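Residue-level listing of the chains:
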Amino acid sequence: RDKLESTRKLELPLVAVADNLRSAFNVGSILRTAECLGVRKVYLCGYTSLPTGDPTSPITRASLGTEFSVEWEWRRNTTDVMLQLSRMGYQIVALETKEAWNEVNSTPARESVSIFEYDFVDPVALILGNEKHGLDPNVLSGCSICLTIPMAGKKESLNV
């Protein structure tokens, strides 16, 4: 039991940046996942829906109230957040498909890595893209590495 309690207090050197998410339910899911993983802060950027505190809102229903326990902030521009976090020592990491990453990055040194092989030791800003279009190429080109989630099924990506 003591080990479980100490694990719950573990805080990853990780922040999440949500870029123009369409679905309020997905925002709630991200906040809930962030709370479960100990993410330090979630940046909600662009036209991403924001928590309102309304108990009937899709965000509150999907997050099970974690919008009140996870630090979050709205920012207009994702690339400005990425630049600020980079200056603070965060590695800027995309969560995107290998195909989208390769379209923007032809340099072999900037390859994609499975999220299961990545070592989350240094501070990381994980950049999450739009459900339909993924990350904007300008946002993607500002990332130093791309993490992918290997897909066993027929779909090429997992919804945020």
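Structure: above.
Residues numbered from 1 in each chain as written. Predicted model: local features only at pLDDT ≥ 70, side-chain atom pairs only at ≥ 80, totals over all residues. Heavy atoms only, no water.

Visitor: Explain the overall build of the protein chain here, please?
Guide: Of the regular secondary structure elements, the protein chain holds 6 helices and 7 strands. The linear arrangement of helices and strands in the protein chain, starting from the amino end, is α-β-α-β-α-β-α-β-α-β-β-α-β. Taking the contacts inside the protein chain whose residues are at least 6 apart along the sequence as the reference set, 83% of them involve residues at least 24 apart. Taken as a whole, the protein chain presents about 9500 Å² of accessible surface, with 51% of it coming from carbon and sulfur. (Helix = DSSP H or I, 4+ residues; strand = E, 2+ residues; numbered from the N terminus. Contact = heavy atoms within 4.5 Å. Areas by Shrake-Rupley, 256 points an atom, 1.4 Å probe, with all protein chains shown as cover.)

Visitor: What is the right way to read the pattern of salt bridges from this model?
Guide: Close approach of charged atoms allows side chains of opposite charge to pair. Taken as a whole, this structure holds 3 salt bridges when the rule is applied. Beyond isolated ion pairs, a larger network of salt bridges with shared partners links K41, E71, E73 and R75. (Salt bridge = Lys/Arg side-chain N within 4 Å of Asp/Glu carboxyl O.)

Visitor: What am I meant to see in the environment of P55 here?
Guide: One can find P55 in the loop between β2 (41–45) and α3 (58–63). For the pair P55 and G65, spaced 10 residues apart in sequence, the C-alpha to C-alpha distance is 8.0 Å. Not counting residues up to four positions away in its chain, the partners in contact with P55 are T60 and R61.

Visitor: How should I be thinking about the sheet that holds β2 in this particular structure?
Guide: Strands belonging to one sheet form pairs held by backbone hydrogen bonds; the direction of such a pair is parallel or antiparallel. Taken together, the 7 strands give an open sheet; going across it, the order is β3-β2-β1-β6-β4-β7-β5, and neighbouring strands pair in parallel fashion. The open sheet is flanked by β3 (72–75) and β5 (112–114), the only strands paired with a single partner. Recorded for the sheet is a direction-independent mean angle of 25° between the axes of neighbouring strands. Where β2 and β3 come together, 4 bridges link them in parallel fashion. Across the sheet, the residue bridging to L44 is W74, located in β3. The strands that helix α4 (residues 78–87) touches are β1 (14–19), β2, β3, β4 (91–95) and β6 (124–128); relative to β1, the one it contacts most, it runs at about 165°. (Pairing = 2+ DSSP bridges. Axes fitted to C-alpha atoms, helices over the stretch in contact; angles between N-to-C directions.)

Visitor: Please explain the nonpolar core as it appears in this structure.
Guide: Inside soluble globular proteins, nonpolar side chains tend to come together where they are buried. The biggest cluster of nonpolar side chains holds 22 residues, and the ones touching the most others in it are V42 and V93. Contributions of two or more residues to this core are made by β1, α2 (24–37), β2, β6 and β7 (145–148). Per element, the largest residue contribution to this core is 5 residues, and it comes from α2. With residues near it in sequence (within four places) discarded, V42 still touches A16, I30, L31, A34, V70, E71, W72 and E73. (Core = buried A, V, L, I, M, F, W, Y, C linked by side-chain atoms within 4.5 Å. Buried < 20%, exposed > 50% of the residue type's maximum accessible area, 1.4 Å probe, protein only.)

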